[in-house]
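Survey of secondary and tertiary structure
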Amino acid sequence: MSEPNEIHEYPSELKERGGGPIPLFLKLTYIGFTVFGLSYWFLYRAGDGAPLVKLFNAATGNGP
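In this convention, every chain numbers its residues from 1, walking through the sequence in written order. Given that the model is predicted, a residue must reach a pLDDT of at least 70 before its local features are reported, and side-chain atom pairs must reach 80 or more before they are shown or counted; all residues, however, enter totals for whole chains, interfaces and linings. To obtain the side-chain values, all non-hydrogen atoms of the structure were used and water was disregarded.

1. As for the overall build of the protein
- A helix here means a DSSP run of H or I that spans at least four residues, while a strand means a run of E at least two residues long, and both kinds are numbered starting from the N terminus. Of regular secondary structure, the protein possesses two helices and two strands.
- Radius of gyration: C-alpha atoms only; globule rule: 2.2 Å multiplied by the number of residues to the exponent 0.38. In summary, the protein has a C-alpha radius of gyration of 23 Å against a globular reference of 11 Å for 64 residues, an excess of more than 25%.
- Across its three principal axes, the protein shows a C-alpha extent of roughly 65 × 25 × 20 Å.
- Sorting the 64 residues of the protein into buried and exposed places 2% on the buried side.
- Roughly 6300 Å² of accessible area belongs to the protein as shown, and the carbon and sulfur atoms make up 66% of that amount.
- Each charge sign in the protein was given a centre, from 5 positive and 6 negative side chains, and these centres are 15 Å apart. Burial here depends on accessible area, computed with a 1.4 Å probe over protein chains only, as a share of the maximum for the residue type. Under 20% is buried, over 50% is exposed, and the range in between is partly exposed. Each accessible area is a Shrake-Rupley estimate made with a 1.4 Å probe; only the visible protein chains count as cover when residues are assessed. Under this rule, positive means Lys or Arg and negative means Asp or Glu; His and the chain ends count for nothing. Note on charges: their place is set at NZ of Lys, CZ of Arg, CG of Asp or CD of Glu.

So, in structure tokens, the structure goes:
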């Protein structure tokens, strides 16, 4: 664990100060990616019911 205000140096002279709070935009990004991932997974599990997809599945023999 890093001490508060300890500065870490990385290659190419990048520096990071440890012990600071996590920015709000980063917290919102975590929440956004989680919501997107779960919604994509639920929509993927439900299948695509668009008419063109049903027609393609019927023509190729794939799908339900």
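2. Side note on a nonpolar patch on the surface
- Among the surface-exposed residues, Leu24, Leu28, Ile31 and Val35 lie close enough to one another that they form a single nonpolar patch of about 410 Å² accessible area.
- Position of Leu24 among the secondary structure elements: in helix α1 (residues 24-46). Patches draw on residues past 30% relative accessible area with no salt bridge. Two like charges within 9 Å are joined, as are two nonpolar side chains (Val, Leu, Ile, Met, Phe, Trp, Tyr) within 5 Å. Salt bridges are defined as contacts in which a side-chain nitrogen from Lys or Arg sits within 4 Å of a carboxyl oxygen from Asp or Glu.

3. Quick look at the confidence of the model for the protein
- The predictor's confidence in any single residue is recorded as pLDDT, a number from 0 to 100. When the pLDDT values of the protein are averaged, the result is 83; 92% of them are 70 or greater.
- The element-level mean pLDDT for the protein is lowest in helix α2 (residues 51-60), coming to 82, with α1 highest at 92.

4. Considering the pairing of strand β2 (residues 14-17)
- Only strands that DSSP links by at least two bridges are regarded as paired with each other. Pairing between strand β1 (residues 7-10) and β2: four bridges, direction antiparallel. Counted as the bridge partner of Glu9 is Lys15 from β2.

5. Side note on unusual backbone geometry
- With phi around 60°, Ser12 is a residue other than glycine that occupies positive phi space.
- Within the secondary structure, Ser12 is located in the loop between β1 and β2.
- Phi at Glu13 is positive, roughly 60°, even though this residue is not glycine.
- For Glu13, the position within the fold is in the loop between β1 and β2.
- Owing to a relative accessible area of 72%, Glu13 belongs among the exposed residues under this scheme.

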